[in-house]
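Below are the chains, spelled out letter by letter.
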Amino acid sequence: ASTSMAYMALTLARKELEVGRPDAHSVVVVVTDGMVMNPAKTLSAASRFGKAIKLIWVPVAAEMSTLENVQGWASAPWQDNVLPVNDFNDLPTPAQLNTVLASVCPNVM
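Residues numbered from 1 in each chain as written. Predicted model: local features only at pLDDT ≥ 70, side-chain atom pairs only at ≥ 80, totals over all residues. Heavy atoms only, no water.

S.K.: I would appreciate a short explanation of the overall build of the chain in the present structure.
M.R.: Check the secondary structure of the chain and you find five helices and two strands. Tracing the chain from N to C terminus, the helices and strands come up as α-β-α-β-α-α-α. For 109 residues, the compact-globule estimate of 2.2 N^0.38 gives 13 Å, and the chain sits close to it at 14 Å. Taken along its principal axes, the extent of the C-alpha atoms in the chain is 40 × 35 × 20 Å. (Helix = DSSP H or I, 4+ residues; strand = E, 2+ residues; numbered from the N terminus. Rg over C-alpha atoms; globule rule 2.2 N^0.38 Å.)

Right, here's the structure in full:
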């Protein structure tokens, strides 16, 4: 199994948000198998988002130990911002898409 450099992806996402509209509600959605190269650096990068930027994690086919890490990387409350998916094939289903969209946009008009 390979690992990802999630901390680098988070750093790049944060930099992109710095050039965004200051009045926009910022949300970052991370879809991952949870196999990160460096969990400590991922935690550090995730903590830089603070409370102003919502950080949602969608761990796919992740093991329980991985889910515990992801809970620490997500915005609080993690119960609203960690949206596990059993399989990558489940991602495009209406139920999964609705779950993610409801978390990204809780006040849909």
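S.K.: What is the right way to read the side chain of asparagine 81 from this model?
M.R.: Inspection of the secondary structure puts asparagine 81 in helix H4 (residues 78–81). Taking the relative accessible area as the measure of exposure, asparagine 81 reaches 2% and is therefore buried. Once residues within four sequence positions are removed from consideration, asparagine 81 is found in contact with Lys54, Leu55, Ile56, Trp57, Ala74, Ser75, Ala76 and Ser103. (Buried < 20%, exposed > 50% of the residue type's maximum accessible area, 1.4 Å probe, protein only. Contact = heavy atoms within 4.5 Å.)

S.K.: Hey, could you run me through helix H2 (residues 39–47) in this one?
M.R.: Because the α-helix completes a turn every 3.6 residues, residues three or four places apart line up on one side. Looking at H2, one finds that the buried residues are Thr42, Ala45 and Ala46. The arc enclosing the buried residues of H2, seen along the axis, measures out at 100°, which places them on a common side. Turned more than 90 degrees away from the buried face of H2, the exposed residues are Ala40 and Ser47. Contacts made by the buried residues of H2 are with helix H1 (6–18), strand S2 (53–59) and helix H3 (64–73). Where H2 begins, one side-chain oxygen reaches toward the backbone nitrogen of alanine 40, 3.2 Å away; that side chain belongs to asparagine 38. (Arc of directions from axis to C-beta. Polar contact = N/O pair within 3.5 Å; in protein donor to acceptor, adjacent residues only side chain to side chain.)

S.K.: Looking at this structure, how should I read the side chain of serine 103?
M.R.: Residue position: serine 103 is located in helix H5 (residues 94–104). Overall, serine 103 belongs to the buried group, its relative accessible area being 8%. Not counting the four nearest positions on each side in its chain, serine 103 is found in contact with Lys54, Ile56, Asp80, Asn81 and Leu83.

S.K.: Is there a simple way to explain the pairing of strand S1 (residues 26–32) in this structure?
M.R.: Two faces, one strand: in a regular strand the side chains alternate between the faces of the sheet. Along S1, the buried face is formed by Ser26, Val28, Val30 and Thr32; none of Val27, Val29 and Val31, which line the opposite face, is buried. Remark: the S1/H2/S2 crossover connection has right-handed handedness. (Right-handed = clockwise from strand over helix to strand, strands pointing away.)

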